[in-house]
Amino acid sequence: MDKKQKKKLKRSQKKKKDKSFAVETERRLKKQMNLFDRMPKACSTCREEFPQTRKAHMSWRVVVRNEENLVRLFCPTCLSQAKKLAEEQSASQQETEEAT
């Protein structure tokens, strides 16, 4: 094999690799866009309607579970309650560990 053939072979391998990367990226993007269409119109916990304002888009949280193809939407009130509950749980767990 001379230099030209090696270079041609290397170029074709790189081209295949780049193409497979582009195809994979496109597939992931399509999957994410499909999940975006599944986003609920209200909070998944309290059923408060999702307002279509810039401020709401900054304060509400979207949780995506790719394995289950599940999309959930949470309002700021439910987020703060969940955060408080998680802090209480971790505090009680630490107390339990310290007691033993």
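Refer to the preceding data block for the structure.
Notes on the structure follow. (Residues numbered from 1 in each chain as written. Predicted model: local features only at pLDDT ≥ 70, side-chain atom pairs only at ≥ 80, totals over all residues. Heavy atoms only, no water.)

**Focus: the overall build of the protein chain**
- Broken down by element type, the protein chain carries three helices and two strands.
- Reading the helices (α) and strands (β) of the protein chain from amino to carboxyl end gives α-α-β-β-α.
- The globule rule puts the C-alpha radius of gyration for 100 residues at 13 Å, and the 24 Å found for the protein chain is more than 25% above it.
- Its C-alpha atoms put the protein chain at 70 × 50 × 25 Å along the principal axes.
- Looking at the protein chain as a whole, 12% of its 100 residues are labelled buried. (Helix = DSSP H or I, 4+ residues; strand = E, 2+ residues; numbered from the N terminus. Rg over C-alpha atoms; globule rule 2.2 N^0.38 Å. Buried < 20%, exposed > 50% of the residue type's maximum accessible area, 1.4 Å probe, protein only.)

**Observations regarding the nonpolar core**
- Core analysis: the biggest nonpolar cluster contains ten residues, these being Leu-35, Met-39, Cys-43, Phe-50, Ala-56, Trp-60, Val-71, Leu-73, Cys-75 and Cys-78.
- Leaving out residues up to four positions away in the same chain, Cys-43 has contacts with Glu-48, Trp-60, Leu-73, Phe-74, Cys-75 and Cys-78. (Core = buried A, V, L, I, M, F, W, Y, C linked by side-chain atoms within 4.5 Å. Contact = heavy atoms within 4.5 Å.)

**Focus on the packing of aromatic side chains**
- Here the structure, examined in full by the defined rule, presents one aromatic pair.
- When the ring of Phe-50 is compared with that of Trp-60, the centres are 5.0 Å apart and the planes differ by 70°; the resulting orientation is edge-to-face. A residue pair is termed long-range when its members are at least 10 positions apart, and Phe-50 in the loop between α1 (3–37) and α2 (54–59) and Trp-60 in the loop between α2 and β1 (61–65) qualify at ten residues.
- Classification of Phe-50 by relative accessible area gives buried; the value is 9%. (Phe/Tyr/Trp six-rings, centres within 6.5 Å; stacked < 30°, edge-to-face > 60°.)

**Remarks on the pairing of strand β2 (residues 70–74)**
- Judged from the five bridges that link them, β1 and β2 form a sheet pairing that is antiparallel. Its bridge partner being in β2, Val-63 is matched across the sheet by Arg-72.
- Connecting β1 to the antiparallel partner β2 that follows it, the hairpin turn spans four residues, and Asn-69 within it adopts a positive phi of roughly 50°. (Pairing = 2+ DSSP bridges.)

**Digging into a nonpolar patch on the surface**
- On the surface, Leu-29, Met-33 and Phe-36 cluster together into a nonpolar patch covering about 330 Å² of accessible area.
- Structurally, the position occupied by Phe-36 is in helix α1.
- Looking at Phe-36, the relative accessible area reads 55%, which means it is exposed. (Patch = residues over 30% accessible without salt bridge, like charges linked within 9 Å, V, L, I, M, F, W, Y side chains within 5 Å. Areas by Shrake-Rupley, 256 points an atom, 1.4 Å probe, with all protein chains shown as cover. Salt bridge = Lys/Arg side-chain N within 4 Å of Asp/Glu carboxyl O.)

**Describing unusual backbone geometry**
- For Arg-47, which is not glycine, the phi dihedral falls at a positive 65°.
- Tracing the backbone through its elements, the reader meets Arg-47 in the loop between α1 and α2.

**Topic: α1**
- Between the first and last C-alpha of α1 there are 51 Å, a value that for 35 residues agrees with the 51 Å anticipated at 1.5 Å per step.
- Burial analysis of α1 places just one of its 35 residues in the buried class, which makes it a mostly uncovered element. (Expected span 1.5 Å × (residues − 1).)

**Concerning a positive patch on the surface**
- Together, Lys-3, Lys-7, Lys-8 and Arg-11 give the surface a local cluster of positive charge.
- Its location among the elements puts Lys-7 in helix α1.
- We classify Lys-7 as exposed; its relative accessible area is 55%. (Lys, Arg positive; Asp, Glu negative; His and termini not counted. Charge placed at Lys NZ, Arg CZ, Asp CG, Glu CD.)

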